[in-house]
Amino acid sequence: MAKDNYDASSITVLEGLEAVRRRPGMYIGSVGVSGLNHLVYEIVDNSVDEYLAGYCTEIRVTLEDDGSVIVSDNGRGIPVDLHQKGVSAERVIFTTLHAGGKFDNKAYKTSGGLHGVGSSVVNALSEYLEIKISKGGKIYYDSYERGVPVVELEKGLLPVIGRSKVNGTTVTFKPDPEIFEHTHFKADAIKSRLHETSYLNPGLSLVFTNNRKGEQETVTYHETEGLKAYLAELNAGKELLTEPILVKGTSEGIEVVMALQFVDTFEERVLGYCNNIYNSEGGTHLVGFKSRFTTLINNYAKELGILKDPDKFSGPDTRCGMTCVLSVKHPDPLFEGQTKTKLGSQDAARAVVNVTGEQLELYFDKHLETLKTIISCAEKSAKIRKAEEKAKSNLLTKAKFSFDSNGKLSNCTSKYASLCEIFIVEGDSAGGSAKKARNRMYQAIMPIRGKILNVEKASIDKVLANAEIKTMVLAFGCGFSEGYGNDFDITKLRYDKIIIMADADVDGEHISTLLLTFFFRFMPELISEGHVYIAMPPLYKAIPKGKGEETYLYDDEALAKYRATHKNFTLQRYKGLGEMDAEQLWETTLDPERRVIKRVSIEDARMADKVTSLLMGNDVEPRREYIHEHAHEAMLDV
Ligand code: TTJ
């Protein structure tokens, strides 16, 4: 019965390995040099897992002249006893895809995402692969060609080929030239990877030997100082600003080790590892550390009086000049991202926050000078960041307001600013009427084309890019300010009143809102000093059928009142300013004796700014809803 089962499962096994040979890239990334070297790492990682389990102290990697590589360790040796499938466990490991999972997590307490699952892949992609397992005084042997076993087992058990007093596993394999473009391992890359492994596992010795002709050497990597030594390598040749800071601890069953040091650069270099695997896409452990560190430094800086509320350092400010290696050992990690190199386990973030938060606080409380050095790095960064932001905004501003003279301002002739007014009029046709109707001595007309602005998603950038608006700013004569620099000079303002004249519809309100936002952000003094107004053109004209005067009605309330006291009249409804002729426009909106204008308060402008932010948000739905629900109360209710 056992035999039948074995036959059946061995077929699927071979089919599995055949799939690996058909699409090797799916399993090792590529069939180039990096994929080739990956084979070595897959095997070595198994031995590292044995180190992590506490049973292995040395791993040897030897490149041979025939193109093969030997990986050996002094661990307990791969299990050789009968597996439930009726063959030696070793066979199952080397012939079953993802066999690693079958050998419960207890043995591989902190196995990395791919560890223990890759040996069958390596086997499938090797011209030959041989295993010698020293265990319980005996040396067991097995071998494969392109993933197919070539040793006949007796009762499913491996042959014994010798005796040994020590335990361990030795795997020799030669990558298949049918699969790989080149089969020459990159020695430097392997060495660097072994060195990295030694930093992450301070108790482990990794011995690299190259037996290839002309390349002979042996290097031993054994870094008892662990991450601290790794930091030293990363920071070699740089000016060190602090001593290395080491943090170690366990939380939520996750072991956290971190080393960090500040150097005289403007960069940050923060490397994250989970179970000895470098997480090139970062992940939860780094997020946890970074957020905790930012808070910590900001709190200290405030406590020490270096930073005053509401100022604060950005995350990158606090990491300016930081070199950091953060390594977590997780019993059951989750990886995500494009290349599965991003740690996704949320408990890793919590563990890192707990361990680093607590220990860094203890450290900084005792090492005030180091803390102050780190804070001064952050200050330096914040200063540069702000200067850059300012330079950037000045640049933007320059680009935005390189005034061209093709605007359509019809200026007034008077030079007495206290008498002058400028009307910002929505639409060319209303603009045309306004130009005819105005008192050209003291009224300037600046038409802005609604079309450009009344897209729902018009952004402040679009407002700024608008040629007419550039002309308008030039006309005001006081420059503008943004953020840090203040080039705005209200005393140069050429008009006492800036009057926004827009239709009382959604588009008009939108334009008013954008203009107010623009003033609020770039020329707030215009508003706070009371220079900005909104014209209130009438919505209706009531024309009595008998005697009596024509009356302009500015809102529905006025209409209701008019209806209550008048019977026989026709009502003309103005859909927009464009519908009024020059005379009507003068009577209703321009003539200082009869027009209705409302002064904009800074609160109104702030409201407009809020609305604009909402209108510009990326969420389309809330924006649409807002426009439809609030269009009529947005600006003209001032
Ligand atoms: C598993 O749990 C029982 C005792 O042995 C454990 C084990 O498998 N240890 C182990 C595996 N040590 N070394 C390996 C290993 C070494 C190489 C070079 C290659 C592979 C696939 C595994």
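Residues numbered from 1 in each chain as written. Predicted model: local features only at pLDDT ≥ 70, side-chain atom pairs only at ≥ 80, totals over all residues. Heavy atoms only, no water.

(A) Layout of the packing of helix α6 (residues 187-200) against helix α7 (residues 227-234). Across the interface, α6 lies against α7 with an axial gap of 7 Å and an inter-helix angle of 135°. Taken together, the axes of α6 and α7 are oblique relative to one another. Listed contacts from α7 to H195, E196, Y199 and L200 of α6 are L227, A229, Y230 and E233. Among the residues forming the contact of α6 with α7, the class breakdown is five nonpolar, one polar and two charged. (Axes fitted to C-alpha atoms, helices over the stretch in contact; angles between N-to-C directions. Helix = DSSP H or I, 4+ residues; strand = E, 2+ residues; numbered from the N terminus. Parallel < 35°, antiparallel > 145°, perpendicular 65-115°, else oblique. Contact = heavy atoms within 4.5 Å. Nonpolar A, V, L, I, M, F, W, Y, C, P; charged D, E, K, R; others polar.)

(B) Local environment of the packing of aromatic side chains. Counted by the stated rule, this structure contains 13 aromatic pairs. A network of ring pairs unites the aromatic residues Y199, Y230, Y273 and Y278 as a single cluster. (Phe/Tyr/Trp six-rings, centres within 6.5 Å; stacked < 30°, edge-to-face > 60°.)

(C) Spotlight on the sheet that holds strand β24 (residues 551-553). Taken in spatial order, the three strands line up as β24-β23-β25 in an open sheet, and their pairing is antiparallel. In this open sheet, the two strands that pair with only one neighbour each are β24 and β25 (569-573). Put simply, the sheet's adjacent strands are angled 25° from each other on average, direction ignored. The pairing of strand β23 (residues 540-544) with β25 spans five bridges and is classified as antiparallel. Within β25, the residue paired with K541 across the bridge is Q572. (Pairing = 2+ DSSP bridges.)

(D) Just helix α8 (residues 284-303), in detail. With 20 residues, α8 ought to run about 28 Å at 1.5 Å a step, and its terminal C-alpha atoms sit 28 Å apart, in line with that. Those residues of α8 that fall on the buried side of the exposure criterion are T284, H285, L286, G288, F289, F293, T294, L296, I297, N298, Y300 and A301. Just beyond α8, the residue with positive phi is G305, at close to 75°. (Expected span 1.5 Å × (residues − 1). Buried < 20%, exposed > 50% of the residue type's maximum accessible area, 1.4 Å probe, protein only.)

(E) Just the site of the ligand, in detail. Of all residues adjacent to the ligand, which total 16 residues, the nearest are N46, S47, E50, D73 and G77. Between the ligand and E50 there is a distance of 3.0 Å, counted from a nitrogen atom to a side-chain nitrogen or oxygen. The separation between an oxygen atom of the ligand and a polar main-chain atom of G77 is 3.0 Å. Burial of the ligand by the protein chains amounts to 92% of its free accessible area of 500 Å². Looking at the shell around the ligand, the elements with two or more residues in it are α3 (33-52), β2 (69-73) and β7 (168-175). The biggest single contributor to the shell around the ligand is α3, with four residues. Split by residue class, the shell around the ligand holds eight nonpolar, five polar and three charged. (Near = heavy atom within 4 Å. Polar contact = N/O pair within 3.5 Å; in protein donor to acceptor, adjacent residues only side chain to side chain. Areas by Shrake-Rupley, 256 points an atom, 1.4 Å probe, with all protein chains shown as cover.)

(F) View of the environment of E281. Counting through the fold element by element, E281 comes out in the loop between β13 (277-278) and α8. As for E281 and T339, which are separated by 58 residues in sequence, their C-alpha atoms are 8.1 Å apart. Within the structure, the side chain of E281 is placed 2.8 Å from the side chain of T341, a separation counted as a polar contact.

(G) A look at the sheet that holds strand β17 (residues 421-426). Within the open sheet, the five strands sit side by side as β18-β17-β21-β22-β26. Their pairing is mixed. For this open sheet the edge positions go to β18 (443-448) and β26 (597-599), each flanked by a neighbour on one side alone. For this sheet, the mean inter-axis angle between neighbouring strands, taken without regard to orientation, is 25°. Along the sheet face, helix α12 (residues 428-437) touches β17, β18 and β21 (497-501) and points at about 170° away from the line of β18.

(H) Representation of the state of the cysteines within the structure. Taken as a whole, this structure holds zero disulfides when the rule is applied. In this structure C377 is a free cysteine whose sulfur lies 6.1 Å from that of C320, the closest cysteine sulfur available. By relative accessible area, which is 4% here, C377 ends up buried. No disulfide involves C412; its sulfur sits 3.6 Å from the nearest other cysteine sulfur, which is in C420. Under the relative-accessibility criterion, C412 is labelled buried at 9%. (Disulfide = S-S within 2.5 Å.)

(I) Structural detail: the nonpolar core. In terms of nonpolar packing, the biggest core is built from 48 residues, with V40, I59, V61, F173 and I190 touching the most fellow members. No other element matches α3, which puts eight residues into this core. Grouped together as the second largest cluster of nonpolar side chains are 37 residues, I245, L286, M322 and V352 included. (Core = buried A, V, L, I, M, F, W, Y, C linked by side-chain atoms within 4.5 Å.)

(J) Representation of the side chain of D503 in the model. Along the chain, D503 turns up in the loop between β21 and α16 (506-522). A distance of 2.5 Å separates a polar side-chain atom of D503 from the backbone nitrogen of L577.

(K) Region of interest: the confidence of the model for the chain. Of all residues in the chain, 84% attain a pLDDT of 70 or more, and the chain-wide mean is 85. A low-confidence stretch, residues 99-116 (pLDDT under 50), is modelled with 41 contacts involving residues beyond four sequence positions or located in other chains. Counting interchain partners and residues more than four positions distant, the pLDDT-below-50 stretch residues 630-638 has 23 contacts. (pLDDT = per-residue confidence, 0-100.)

(L) Quick look at the pattern of salt bridges. Scanning the model with the defined rule gives 27 salt bridges in all. Here E50 makes a salt bridge to R76, at a shortest N to O gap of 2.7 Å. Here E50 is found in helix α3, whereas its partner R76 is found in the loop between β2 and α4 (89-95), with 26 residues between them in sequence. Note on E50: relative accessible area 14%, which makes it buried. The closest approach of N and O atoms between K302 and D309, which form a salt bridge, is 3.2 Å. Take K302: its relative accessible area is 29%, and that puts it in the partly exposed class. The exposed category is assigned to D309, whose relative accessible area is 63%. (Salt bridge = Lys/Arg side-chain N within 4 Å of Asp/Glu carboxyl O.)

(M) Fine view of the environment of L360. You can see L360 is positioned in helix α10 (residues 346-366). By relative accessible area, L360 is classed as buried at 1%. The spatial distance from the C-alpha of L360 to the C-alpha of I245 is 8.4 Å, given a sequence separation of 115 residues. Filtering out sequence-adjacent residues up to four positions away, L360 remains in contact with I245, V247, M258, L260, F289, F293 and L296.

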